[in-house]
Amino acid sequence: MPSEKPRIMSGMKASGALHLGNWMGALSNWVRLQQDYDCFFMVADWHALTTGYHETSDLPQRVSAMVVDWLAAGLDPDRAVIFVQSSVPLHAELSLLLGMLTPLGWLERVPSYKEILRELEQRDIHTYGFLGYPVLQSADILLYRATAVPVGQDQVPHVEMTREIARRFNGLYGPVLTEPEALLTESKVLPGLDGRKMSKSYGNTISLGESNQETTAKIRSMVTDPARIRRQDPGHPEVCPVFALHRVFSPASRVTDIEAQCRAATLGCVDCKADLAATVITRLEPIRSRRQSWVDHPGRVNEILAEGARRAEEAGGQTMEAVRDAMHLTSARTPDAV
Ligand code: TRP
Ligand code: SF4
């Protein structure tokens, strides 16, 4: 289906069920971008192996939980190509070829490389695959000749490297690959239940798929302004993660009221949290009911992924033909070159 719209490509590492932070971050932007762009959204299951090759038994579950949450949040298979990285082996072929021309120094200089090595010290990720993470990501993007890549700030160095790799390829073999731009999506970082950034690895999330009761109980357990010990102590909303979530989910007038009432100690934390829980549950209601209908129809989800893989393969196949041609790999396979 040729499209006049500019093409974007993005992905998420297969990490399983999504949470409020993922939703307000990348996902809600993707949903919006579907209107104006020809979209390719990919579950990066191979990328999950770069740091998690030791334990792969729950990979299928992580992939499907993520796709179900994508669909629940409003990604629309009629408007976007939704697929799993490993179902399109062309990613591996392009990654291998790009690896031939990517200097080691570029990879070692990626800011997240040393950082994650340090962070995950206890895991052995001194591997070729982990160092090559950005090459695989570049292949993901370049395979679809995307002009833009909607990502958060943390992924900008990866898009920058994709541009450099494309430039180097084009310089060596001719203009085949498209240099993409990062489409920086302004996204709010949400605090989790403990006040640190909401993140699966901290175990402080509110997930899209949990029950309303669970959400209410979790919000009730949230940390608040630590200086507000008794109900009559004035609070400091600016340091309170409950307030930070009100800011994201509650209407502006309500946020103003809460701020004033917290400072004046006329609103207690118990009520403030109950109010937040009700608001979050209302906002999540459409997602949770859509989600349930996908959970009830796993066959339909598989069809969407199969169709996504087919369309991705078709688009990527055209690029790969041009890549092989440019590198003289096509003719090397035909006998008349002998
Ligand atoms: N590195 C991205 C992340 O951790 C996931 C990813 C894989 C990706 N391939 C991509 C993002 C291609 C954008 C484009 O979230
Ligand atoms: Fe936080 Fe609300 Fe308590 Fe104020 S009243 S400290 S904003 S939970």
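As the structure is a prediction and not an experimental result, all values here were calculated from the model. Counting starts from 1 at the beginning of each chain's written sequence and moves along it residue by residue. All chains are assigned letters beginning with A, and all ligands numbers beginning with 1, in the order in which they are written. With pLDDT at 70 or above as the cut-off, local features in this predicted model cover only qualifying residues; side-chain atom pairs require 80 or more to be listed or tallied, and sums for whole chains, interfaces and linings still use all residues. Heavy atoms throughout the structure, all of them, feed into the side-chain values; hydrogens and water do not.

1. Digging into the side chain of T215
Phase 1: Residue placement: T215 occurs in helix α10 (residues 212–220).
Phase 2: Here a polar contact means two N or O atoms within 3.5 Å. Within protein one must be a hydrogen donor candidate and the other an acceptor candidate, and residues neighboring in sequence count only if both atoms are side-chain atoms. Polar side-chain contacts of T215 include one of 2.9 Å to the side chain of R288.
Phase 3: Contacts are residue-level and defined by heavy atoms, with any inter-residue pair within 4.5 Å sufficient. Beyond its immediate stretch of four places on either side in the chain, T215 contacts I206, E210, V280, I281 and R288. Think of it this way: any DSSP run of H or I at least four residues long counts as a helix, any run of E at least two long counts as a strand, and we number them from the N terminus.

2. Concerning the domain arrangement of the protein chain
Phase 1: An automatic or database domain assignment is the source of the domain bounds shown. Its domain assignment divides the protein chain into domain 1 (7–190 + 298–326) and domain 2 (209–292).
Phase 2: Just the C-alpha atoms count here: the centres of domain 1 and domain 2 sit 34 Å apart.
Phase 3: Two parts placed together each lose some accessible area under a 1.4 Å probe, and the buried area is that loss summed for both. The contact between domain 1 and domain 2 buries some 910 Å² in all, and 76% of this surface belongs to carbon and sulfur atoms.
Phase 4: Three residues, L20, W23 and A72, lead the burial of domain 1 against domain 2; their summed loss comes to 51% of the area buried on that side.
Phase 5: Measuring nitrogen to oxygen at the nearest pair gives 2.9 Å for the salt bridge that ties R291 to D69.
Phase 6: Linking domain 1 to domain 2 there are 2 residue pairs in polar contact (both at pLDDT 80 or more).
Phase 7: Looking at the side of domain 1 that touches domain 2, the elements with two or more residues in it are α1 (20–33) and α3 (59–73).
Phase 8: The biggest single contributor to the side of domain 1 that touches domain 2 is α3, with 5 residues.
Phase 9: Classification convention: Asp, Glu, Lys, Arg as charged; Ala, Val, Leu, Ile, Met, Phe, Trp, Tyr, Cys, Pro as nonpolar; all other residues, Gly among them, as polar. The residue makeup of the side of domain 1 that touches domain 2, split by class, is 8 nonpolar, 1 polar and 2 charged. Take a side-chain nitrogen of Lys or Arg and a carboxyl oxygen of Asp or Glu: if they are within 4 Å of each other, that pair is a salt bridge.

3. Side note on the packing of α10 against helix α13 (residues 269–295)
Phase 1: Between the N-to-C directions of two axes lies an angle of 0 to 180 degrees, each axis being a line fitted to C-alpha atoms and, for a helix, fitted only over the stretch in contact. Contact geometry of α10 with α13 gives a least axis separation of 9 Å together with a crossing angle of 150°. Taken together, the axes of α10 and α13 lie roughly antiparallel to each other. Considering how the two elements wind past one another, α10 and α13 form a crossing that is right-handed. Counting all contacts with α10, which are made through N212, T215, T216, I219 and R220, the residues of α13 involved are K273, L276, A277, V280, I281 and R288. Throughout, the term roughly parallel applies to angles under 35 degrees, roughly antiparallel to angles over 145, roughly perpendicular to angles from 65 to 115, and oblique to all others. With the far helix as reference, a near helix turned anticlockwise by less than a right angle produces a left-handed crossing, and one turned clockwise produces a right-handed crossing.

4. Quick look at the site of ligand 1
Phase 1: Throughout, the term near means that a residue has one or more heavy atoms lying within 4 Å of the molecule or strand in question. In the neighbourhood of ligand 1, 14 residues make up the surrounding shell, with H47, Y133, Q137, D140 and Q155 lying closest.
Phase 2: Side-chain polar atom of Y133 to a nitrogen atom of ligand 1: 2.7 Å apart, as the coordinates give it.
Phase 3: Compared with its free state, where it exposes 360 Å², ligand 1 has 89% of that area covered by protein.
Phase 4: Sorting the residues of the shell around ligand 1 by element identifies β1 (7–13), β2 (38–44), α8 (133–143) and β4 (148–151) as the ones contributing at least two each. Under the convention used here, a 1.4 Å probe and the Shrake-Rupley method define accessible areas, while residue burial counts only the protein chains that appear.

5. Focus on α3
Phase 1: Expected helix span is computed as 1.5 Å times (number of residues minus one). Counted at 1.5 Å a residue, the expected span for α3 with its 15 residues is 21 Å, and the 21 Å between its end C-alpha atoms agrees.
Phase 2: Here α3 has its buried residues at L59, R62, V63, A65, M66, V67, V68, D69, W70, L71, A72 and A73.
Phase 3: G74 occupies a position one or two residues after α3 and carries a positive phi of about 120°. Buried residues are those whose accessible area, probed at 1.4 Å on protein chains only, stays under 20% of the maximum for their type, while exposed residues exceed 50% and partly exposed ones sit between those limits.

6. Concerning the pattern of salt bridges
Between side chains of opposite charge, pairing is possible as soon as their charged atoms come close.
Phase 1: Under the criterion given, the structure shown has 17 salt bridges.
Phase 2: Where R79 meets D76, a salt bridge forms, and the shortest distance between an N and an O atom there is 3.3 Å.
Phase 3: In this structure R79 comes out as partly exposed when scored by relative accessible area, which is 37%.
Phase 4: When the shortest N-O distance is used, the salt bridge between R324 and E93 registers 2.8 Å. Placement of R324 in helix α14 (residues 298–326) and of E93 in helix α4 (residues 90–101) is noted, with a sequence separation of 231 residues between them.
Phase 5: Residue classification places R324 among the buried residues on the basis of a relative accessible area of 15%.
Phase 6: In this structure E93 comes out as partly exposed when scored by relative accessible area, which is 27%.

7. Quick look at the site of ligand 2
Phase 1: As a matter of local geometry, ligand 2 sits amid T224, D225, R228, C240, V242, F243, C262, L267, C269 and C272.
Phase 2: A 1.4 Å probe that fits into a set of points on a 1 Å grid over the protein atoms alone but cannot get out defines a cavity; an open set with protein on both sides within 12 Å along at least five of seven lines defines a pocket, and lining residues are those with an atom within 4 Å of a point. Just a note on the criterion: a molecule sits in a pocket or cavity if more than half of its atoms are within 2 Å of the grid points. Given that more than half its atoms are within 2 Å of the pocket grid, ligand 2 belongs to the largest cavity.
Phase 3: Listing elements by their share of the shell around ligand 2, those giving two or more residues are α11 (241–249) and α13.
Phase 4: When grouped by side-chain class, the residues that make up the shell around ligand 2 number 7 nonpolar, 1 polar and 2 charged.

8. Considerations on the pairing of β2
Phase 1: Within β2, 7 of the 7 residues are buried, which leaves the element mostly enclosed by the surrounding structure.
Phase 2: With burial as the criterion, each face of β2 is covered, one bearing D38, F40, M42 and A44 and the other bearing C39, F41 and V43.
Phase 3: By definition, the crossover connecting two strands over a helix is right-handed if that path, from the first strand to the second, turns clockwise as seen with the strands pointing away from the viewer. Once the chain exits β1 it traverses α1 before rejoining the sheet at β2, and the crossover so formed is right-handed.
Phase 4: Strand direction decides the pairing type here: β2 and strand β3 (residues 80–84), joined by 5 bridges, are parallel. From the neighbouring strand, C39 faces β3, where its bridge partner is A80. Pairs of strands are assigned from DSSP output, requiring at least two bridges between the strands.

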